Amino acid sequence: MADSWVNSAERIGADLHLELSGPGGRRAALTRALREAIRSGRLAPGTRLPPYRSLAADLGVVRNTVADAYAELVAEGWLTARQGSGTRVAERAEPLGARARVPKKAPPRARGPRHDLRQGTPDASAFPRTAWLASYRRALQRAPAEAFGPGDPAGRPELREALTEYLARARGVRTEPGRIVICSGFAHALRLLFPAVLRGSLAVESYGLPFHRELLAAAGVRTVPLDLDEDGARVGDLGRERAVLLTPAHQFPTGGPLHPARRAAVIDWARARGGVILEDDYDGEFRYDRKPVGALQGLDPERVVHIGSVSKSLSPALRLGWMVLPKWYVDDVLAVKGEREAWASVLDQLTLADFVESGSYDRHVRRMRQRYRGRRDRLVETLAAQAPHVEVTGIAAGLHAVLRLPPGSERSAVKAAVWQGLSLDGLAEFRHPEAAMTAPDGLVVGYATPAEHAYGAALNALCAALPPP
């Protein structure tokens, strides 16, 4: 008999893959194939097998052939058959060699940090599950049928419309749905902008995420660092670059907004040189001590690419972000995006649209702003009591603070933190390798990640790791 691969689908949706081969008739081949599938472990104990009629139709055999094969295996103890429960693999049927196998001893796990004070991660326990589920159900019920077919690479129109209204109201962004492209986060936005916008060198702040610099370098984009001071990036030092990446609402990681005079100056630079400003709206919604600083994009929508996401406000697991583009960049960016595999989930997009339109997003941000401000205040109070010699900076917004340390003490403080079971970052980790500005010592402390009950212990471990006065 020629070998054949057969796929049998049970009414409940299970697939059964059998190879009918070897000597004998069809009944013998089927019995042998089922016995081997059970012996090898492909059919686990308790697995329900397809009904006689379904399997017979798929195999192209008469029903009695399947019935006889099942009956033989029931008699041998490989299968069980009960009225109303169908035919199943016997619970005592073990894969070949199962008794002889001795489970390997699991290798000892390296003991991880007890406390996590790394920057950039929101409180995962605070994700608004109930409100998100309600939005998901509404979005699924209202979704048109075409939403489940090939879509627009720009993203779902419902989300782009919702973001148009929200960004105008909350961030001062001037746009329309046709100029918004949905992406899966800031790094994805950079990848889409490489061939469309970023050619040659790109000016960046002297401190920023090393991952972003590495991503740019891998794409052949040379980054040129701009010095920072208390007013933000020194945009007056921009040279021959045609593009600059800034975090104007809250410089990452040193903290502080870009001074109004410098905001105007960088817009003038872009207009004069025909350049473009990439605005990473990092922590723009989490400002504690005064009204939020509006988006730089509002000053000139044709010279600024505004990039945002829900990674800090909701969860990085959602992989949802957006770009607000000058109109002449839209087609080029969409051409780069191209493949559907790079698109964000349509259902997540529809859910976020409802989440924003229903007011749930605003309520969540307000609630988290209050919680994070309480975390920040507790950090400041603890340091004032236990380490008053350490200066705390960058606390007007965001999810982290920078602790300024005595010169030469950063490396030893990071090591001491490891001994205290504490995970955090030294300020040097974020410094551009070609930066010319003075390198201060410091620690970047994220106060959003720990669970509420563990926050106090994390702060005590932090104080124990700090250098003495």
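Here we summarise the structure given alongside this text. (Residues numbered from 1 in each chain as written. Predicted model: local features only at pLDDT ≥ 70, side-chain atom pairs only at ≥ 80, totals over all residues. Heavy atoms only, no water.)

## So, the packing of helix α6 (residues 186-196) against helix α9 (residues 330-337)
- For the pair α6 and α9, the least separation of the axes is 8 Å and the interaxial angle reads 115 degrees. Here α6 lies roughly perpendicular to α9, going by the angle between them. As α6 packs across α9, the resulting crossing turns out to be right-handed. Contacts between α6 and α9 involve H188, R191, L192, L193, P195 and A196 from the first element and D332, V333, V336 and K337 from the second.
- Its residues assigned to classes, the contact of α6 with α9 shows 6 nonpolar, 1 polar and 3 charged. (Axes fitted to C-alpha atoms, helices over the stretch in contact; angles between N-to-C directions. Helix = DSSP H or I, 4+ residues; strand = E, 2+ residues; numbered from the N terminus. Parallel < 35°, antiparallel > 145°, perpendicular 65-115°, else oblique. Left-handed = near helix turned anticlockwise from the far one by under 90°. Contact = heavy atoms within 4.5 Å. Nonpolar A, V, L, I, M, F, W, Y, C, P; charged D, E, K, R; others polar.)

## Thoughts on the sheet that holds strand β13 (residues 304-309)
- Taken together, the 7 strands give an open sheet; going across it, the order is β6-β14-β13-β12-β11-β7-β8, and neighbouring strands pair in mixed fashion. Edge strands, defined here as strands with exactly one partner in the open sheet, are β6 (180-183) and β8 (222-226). Geometrically, the sheet is characterised by an average inter-axis angle of 20 degrees between neighbouring strands, direction not taken into account.
- Along the sheet, helix α5 (residues 157-171) contacts β6, β13 and β14 (321-324); its crossing angle with β6, the most-contacted strand, is approximately 110 degrees.
- Where α6 meets the sheet, its contacts fall on β6, β11 (243-246), β12 (276-280), β13 and β14, and the angle it forms with β13 comes to roughly 150 degrees. (Pairing = 2+ DSSP bridges.)

## With respect to helix α1 (residues 26-40)
- Helix length check: α1, at 15 residues, gives a terminal C-alpha distance of 21 Å against a target of 21 Å (1.5 Å per residue), a fit within 8%.
- Those residues of α1 that sit buried are A29, L30, T31, A33, L34, R35, A37 and I38.
- Where α1 terminates, the next one or two residues include G41, which has phi positive at roughly 95 degrees. (Expected span 1.5 Å × (residues − 1). Buried < 20%, exposed > 50% of the residue type's maximum accessible area, 1.4 Å probe, protein only.)

## Regarding the side chain of S360
- Within the element layout of this structure, S360 appears in helix α11 (residues 360-386).
- Residues contacting S360, with those up to four places away along its chain left out, are A131 and F355.

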